[in-house]
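Remarks on the overall topology
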Amino acid sequence: MLIIGLTGGIACGKSAVSDELKKFGAKILDIDSVTHELLEPAGELFETYVQHFGRYIVAVDGLLNKRIIGEIIFNHPDEREWINSVAHPILLNYARDFLEKCAAEGVEIAVIEVPLLFEAGWEHLFDEIWAVYVGRAKQMWRLIQRDNLSPQQALARLNSQMSQEEICARADIVINNKKTISKTRKQVREALRGRLVRGRSFA
């Protein structure tokens, strides 16, 4: 089984690469999606957050106010460190369970999409680490449009993370997502070409 860690800065287009890998039969675990589930009212992290930050982070609908939490995370490094210290061990267990299940099912390519892969110290989990890259200006624009942020809010989020350049320097494979989706797809195919996984060659 080929185990790929898929990472990259916020709003770089990791999901586009995941979607292409699925076409080759890859099974994907999106750590962001798992985190969102854990932050639902019945989730493992919900009460932990409320106890730490207070009830003001709970919206009138009973859900966590993600905008308030985002402001906390991206503007207060000490709180961001606390959140990571609480969430990462739980998420690591999900990642390990996912890989064990993939191995038992005979999955050929297992992919874990995790934005803070290097910050969390998860390098040991993977055979290869793929980084998705996009230009800073395009990343900023995507983030503003996607999350309805001001330029200042978007910049705070970008500056809170490891730079794209460092992520790419530490990765085994870099997928440049600056241009068209067809070119991104081509890079994914090229990265898999010639691989032999459980007797299957990816051409």
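In case you missed it, the structure is sitting above this.
Nothing here was measured: the structure is a model prediction, and the numbers come from that model. (Residues numbered from 1 in each chain as written. Predicted model: local features only at pLDDT ≥ 70, side-chain atom pairs only at ≥ 80, totals over all residues. Heavy atoms only, no water.)

1. Observations regarding the pairing of strand E4 (residues 128-133)
Strand residues, when the strand is regular, have side chains that alternate between the two faces of the sheet. The test is simple: Each residue is assigned to one of three classes by its accessible area relative to the maximum for its type, calculated with a 1.4 Å probe on protein chains only: buried under 20%, partly exposed between the two thresholds, exposed over 50%. Helix and strand assignments follow DSSP, with helices taken as H or I runs no shorter than four residues and strands as E runs no shorter than two, numbered in order from the N terminus. If DSSP finds at least two bridges between two strands, the strands pair.
Across the six residues of E4, six count as buried, placing the element largely inside the fold. Burial of E4 is two-sided: the residues Glu128, Trp130 and Val132 facing one way and the residues Ile129, Ala131 and Tyr133 facing the other way are all buried. Sheet topology note: the strand E1 (residues 2-8)/E4 ladder contains five bridges and is parallel. Across the sheet, the residue bridging to Gly5 is Ile129, located in E4.

2. Here we look at the environment of Cys102
Stated precisely, the cut-off is as follows: By the convention used here, residues are in contact when the closest approach between their heavy atoms is within 4.5 Å.
Here Cys102 is to be found in helix H5 (residues 77-105). Exposure remark for Cys102: the relative accessible area of 0% places this residue in the buried category. Separated by 36 residues in the primary sequence, Cys102 and Lys138 place their C-alpha atoms 35 Å from one another. Leave out the neighbours within four places in its chain, and Cys102 touches Met1, Lys27, Val107 and Ala110.

3. Digging into the packing of helix H3 (residues 46-53) against H5
Where we set the bar: The convention used is that axes are lines fitted to C-alpha atoms, helices contributing only their stretch in contact, and that angles between N-to-C directions extend from 0 to 180 degrees. Working definition: roughly parallel below 35 degrees, roughly antiparallel above 145 degrees, roughly perpendicular at 65 to 115 degrees, and oblique for all remaining angles. Here a crossing is taken to be left-handed if its near helix is turned anticlockwise relative to the far helix by less than a right angle, and right-handed if that turn runs clockwise.
One can describe the packing of H3 onto H5 by two numbers: an axis separation of 12 Å at closest approach and a directional angle of 150°. Viewed along their axes, H3 and H5 adopt a mutual orientation that is roughly antiparallel. Note on packing geometry: the crossing formed by H3 with H5 is right-handed. Residues Thr48, Tyr49, His52 and Phe53 of H3 pack against Glu79, Trp82, Ile83 and Val86 of H5.

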